[in-house]
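Coordinates in review
What follows is each chain in one-letter form.
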Amino acid sequence: MPIYNAPTKDAQFVLHDVLNVSTSDIPGYNELEADFTGAVLEEAGKIASNVLHPLNVVGDKEGCRLENGIVYTPTGFKDAFEQMKAGGWTGLDMPEEYGGQNMPYVLATAVGEMFSATNQAFTMYQGLTHGAASAILAHGSEEQKNTYLPNMVSCEWTGTMNLTEPHCGTDLGLMRTKADPQADGSYKISGQKIFISAGEHDMADNIIHLVLAKIVGGPDGIKGVSLFIVPKYLVNEDGSLGERNGAAVGNIEEKMGIHGNSTCVMNYDEATGYLLGEEHKGMRAMFTMMNEARLGVGMQGLSQADAAYQNAVEYAKDRLQGRDVTGAKNPDGPADPLIVHPDIRRSLLDQKSFAEGGRAFILWGATLIDKAHREGDKDADGVISLLTPVIKGFLTDEGYDMTVKAQQVYGGHGYIEEWGMSQYTRDARIAMIYEGANGVQALDLVGRKLATDGGKHVMAFFEMVKSFCKENGGQDEAFDRDFIEPLKAASKDLQAAGMFFMQNAVKNPNEALAGSNDFMHMFGHVCLGLMWAQMALAARNALAGDASDKAFYEAKLITGRYYMARRLPATGMHLARIQSGAAPVMTLDADQF
Ligand SMILES: Cc1cc2nc3c(=O)[nH]c(=O)nc-3n(C[C@H](O)[C@H](O)[C@H](O)COP(=O)(O)OP(=O)(O)OC[C@H]3O[C@@H](n4cnc5c(N)ncnc54)[C@H](O)[C@@H]3O)c2cc1C
């Protein structure tokens, strides 16, 4: 069975040495002393390693089962869900008035990485509930909040998000599900939704579906879409469960990965629904929580990559194949371990530098969300909105690639189910697709986010990089050479790409769209470059002081140098592709493909 070691030390390093959370003035952050976050992460790590991790393979092998309208989750999931509830893990960052613990989102994110790394399919039941509860929190009436939130925060009831239909996924304007207004103010919801994660299962007393539908007689297209609360069981005035609603699972999908999560066809047959937020503003209501939801999916990419990497390292130290060409490292054995070979080390360092850089990126993103939500900081909101497609698209594309690299370290054994490596690859794959496919993330970044507020937020990002380089450069030649200069060069590439779009896309938008995927990836590299420069600075400062664990900080510096030297220069390749314009992509006729 695969191993997992919760990355508590690394998360603590990012939280305290890099982001300095406990001295930040974001409301609630003063509670985040190192002892406190360390204790929470320690406990989360135990649940992740001891409860969720052993069930990962079980969920993969057994999958979910539909019998007579009931979806049965894999053996052990129900008990584990009870343990998550009993431990208060389901409402970590939810308001106290609804039973949550009101902790900052940054801490919930660090905890969430461990849960997702050890069992993505299982953690999605809770994650979807969190997303649905957040939408009710942001848009619900007092009555709706009081009716649904306490049970959703505790996960007595779980939640779902219903957007996709058979003929519409990305283009939700094509939606057909209808909402027929009733005299009592409710609606009758009719239509079919597909691919609904956690749409039906046996771990909760009730399931609160959030369903996008078009109110009969409303505007056409996306402007006519509204959001509805459609409970599986209607809720009586006293809070008890009432009659069964017309919402039922039609089927569950057989799929490539996340077998432990039920992916359902949901049929709504005149189901009673209650408007959430305003009429025809459904997309806005659904997307309020988009930054968080997409950051959560980006985290799935990172978490699968880290879990797969941990195993690849163990294997590379253990497996004896071939000799170090510069001299045997295991002269008494029949061969040297894989880890002596430069190509294996390259692969492992790609993975390590991605996982640690990605962790810092995600946690930094979470602080921006806290700043936006807890302080109402519009600038932080602007920057995280800009970075959201990068977090989602880059971290899941790369995260998947890293699970493939980890699998490759195992050679043929990586392809054999017994070793557990193929599950990481299969589970990581979905994160590139749901919550907006990655091609569409790139489109959102280039077509919308770059120009938001006149480009103010992308300028703020460049300014952040520039001031970091100014404040920390020119003091230490090696640091300048290894970190500041590569970061400046990559940031310059990114600016040049933005300039190319500005100069060419007005005439022909395809000049930008043909380069959107490259742009998203180069942006991701610059973000990780910035993270590595910040982490290297923190590590260097710790080494100059009286750090007890010198090996940890030295490894940070070495890994950071690797990222800057071997990964960050990818921005040059992406820039060249972008500057080749639309022609190489658009010239071939559709019938010539
Ligand atoms: C396991 C699983 C779980 C899911 N969970 C949920 C859930 O809980 N709730 C829910 O509502 N949905 C869910 N989905 C649906 C998922 O969000 C959609 O599959 C996804 O948004 C893509 O929609 P689609 O499959 O219709 O692809 P399409 O929209 O048909 O897109 C196909 C491809 O074309 C690209 N594309 C589309 N339009 C454009 C464009 N304008 N420009 C460039 N490229 C474009 C896309 O990037 C994609 O690669 C889930 C899907 C799966 C497989």
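You'll find the structure just up there.
A few words now on the overall build of the protein. Along the backbone of the protein there are 19 helices and eleven strands. Its C-alpha atoms give the protein a radius of gyration of 24 Å, within 12% of the compact-globule value 25 Å for 593 residues. Dimensions of the protein, computed from C-alpha atoms along their principal axes, come out at roughly 80 × 60 × 55 Å. Buried residues in the protein amount to 58% of all 593 residues. Of the accessible surface of the protein, which amounts to about 24,500 Å², a share of 51% is contributed by carbon and sulfur atoms. Counting 50 positive and 76 negative side-chain charges, the protein places the averaged centre of each group 5 Å from the other.

Close to the ligand lie 18 residues, the nearest being Met-161, Leu-163, Thr-164, Thr-170 and Phe-195. Between the ligand and Leu-163, the relevant distance is 2.7 Å, taken from an oxygen atom to a main-chain nitrogen or oxygen of the residue. Within the side chain of Ser-197, a nitrogen or oxygen atom sits 2.8 Å from a nitrogen atom of the ligand. Expressed as a share of its isolated accessible area of 980 Å², the protein-covered part of the ligand is 61%. Only strand 3 (157–162), strand 5 (187–197) and helix 12 (438–449) provide two or more residues apiece to the shell around the ligand. The element contributing the most residues to the shell around the ligand is strand 5, with three residues. The class makeup of the residues in the shell around the ligand is ten nonpolar, six polar and two charged.

On to the environment of Tyr-125, then. Within the secondary structure, Tyr-125 sits in helix 5 (residues 120–139). Under the relative-accessibility criterion, Tyr-125 is labelled buried at 0%. The spatial distance from the C-alpha of Tyr-125 to the C-alpha of Ser-197 is 7.8 Å, given a sequence separation of 72 residues. Every residue in contact with Tyr-125, bar those within four places of it in the chain, is listed here: Cys-64, Thr-73, Phe-77, Phe-81, Thr-158, Ala-198, His-201, Met-203, Gly-260, Asn-261 and Ser-262. Within the structure, the side chain of Tyr-125 is placed 2.7 Å from the backbone oxygen of Gly-260, a separation counted as a polar contact.

Note on strand geometry: in a regular strand, side chains alternate between the two faces of the sheet. Pairing of strand 4 (residues 178–181) with strand 5 involves four bridges; the strand directions are antiparallel. Directly across from Pro-181, in strand 5, lies its bridge partner Tyr-187. Connecting the antiparallel pair strand 4 and strand 5 is a turn made up of five residues, with Gly-185 showing a positive phi of about 95°.

Under the 1.5 Å per step criterion, the end-to-end length of helix 14 (residues 477–504) is 39 Å for 28 residues, consistent within 8% with the ideal 40 Å. Approximately 35° is the largest bend angle found in helix 14, and it occurs at Ile-484, with the proline Pro-486 only one to four residues beyond. Measuring from the side-chain oxygen of the N-cap residue of helix 14 to the backbone nitrogen of Ala-478 gives 3.0 Å; that N-cap residue is Asp-476.

The topology assignment puts Trp-532 in helix 16 (residues 516–544). Classification of Trp-532 as buried rests on a relative accessible area of 0%. C-alpha separation for the pair Trp-532 and Phe-361, spaced 171 residues apart in sequence, amounts to 9.4 Å. For Trp-532, the contacting residues outside a window of four places in its chain are Ser-353, Glu-356, Gly-357, Phe-483, Lys-556, Thr-559, Gly-560, Tyr-563 and Met-564.

Reading the values: rules and limits
- Residues take numbers from 1 onward in each chain, read along the sequence in its written order.
- Restriction of local features to residues with pLDDT of at least 70 applies here, the model being predicted, together with a cutoff of 80 or more for giving and counting side-chain atom pairs; totals for whole chains, interfaces and linings are based on all residues.
- Here the side-chain values reflect all heavy atoms present in the structure, with hydrogen atoms and water set aside.
- To qualify as a helix, a DSSP run of H or I must reach at least 4 residues; to qualify as a strand, a run of E must reach at least 2; elements of each kind are numbered from the N terminus.
- Just to be clear, the radius of gyration here is over C-alpha atoms, and the globule rule we use is 2.2 Å times residues to the power 0.38.
- Classification of residues uses two cut-offs on accessible area relative to the type maximum, computed with a 1.4 Å probe and protein chains only: under 20% is buried, over 50% is exposed, and between them is partly exposed.
- All accessible areas in this document rest on Shrake-Rupley with a 1.4 Å probe, and a residue is counted as covered only by the protein chains that are shown.
- Only four residue types enter the charge count: Lys and Arg as positive, Asp and Glu as negative, with His and the chain ends excluded.
- By convention, charge coordinates are those of NZ in Lys, CZ in Arg, CG in Asp, or CD in Glu.
- Nearness here has a simple test: a residue counts as near a molecule or strand if at least one of its heavy atoms is within 4 Å of that partner.
- Pairing of N or O atoms within 3.5 Å defines a polar contact, subject to two protein rules: one partner must be a possible hydrogen donor and the other a possible acceptor, and residues neighboring in sequence count only if both atoms are side-chain atoms.
- Residues are grouped as follows: nonpolar covers Ala, Val, Leu, Ile, Met, Phe, Trp, Tyr, Cys and Pro; charged covers Asp, Glu, Lys and Arg; every other residue, Gly included, is treated as polar.
- The criterion used for residue contact is that any of the two residues' heavy atoms lie within 4.5 Å.
- Criterion used throughout: strands pair if DSSP finds at least two bridges between them.
- Every helix has an expected span of 1.5 Å times one less than the residues it contains.
- Each residue is assigned a bend, namely the angle between axes fitted to the seven residues that terminate at it and the seven residues that start at it.

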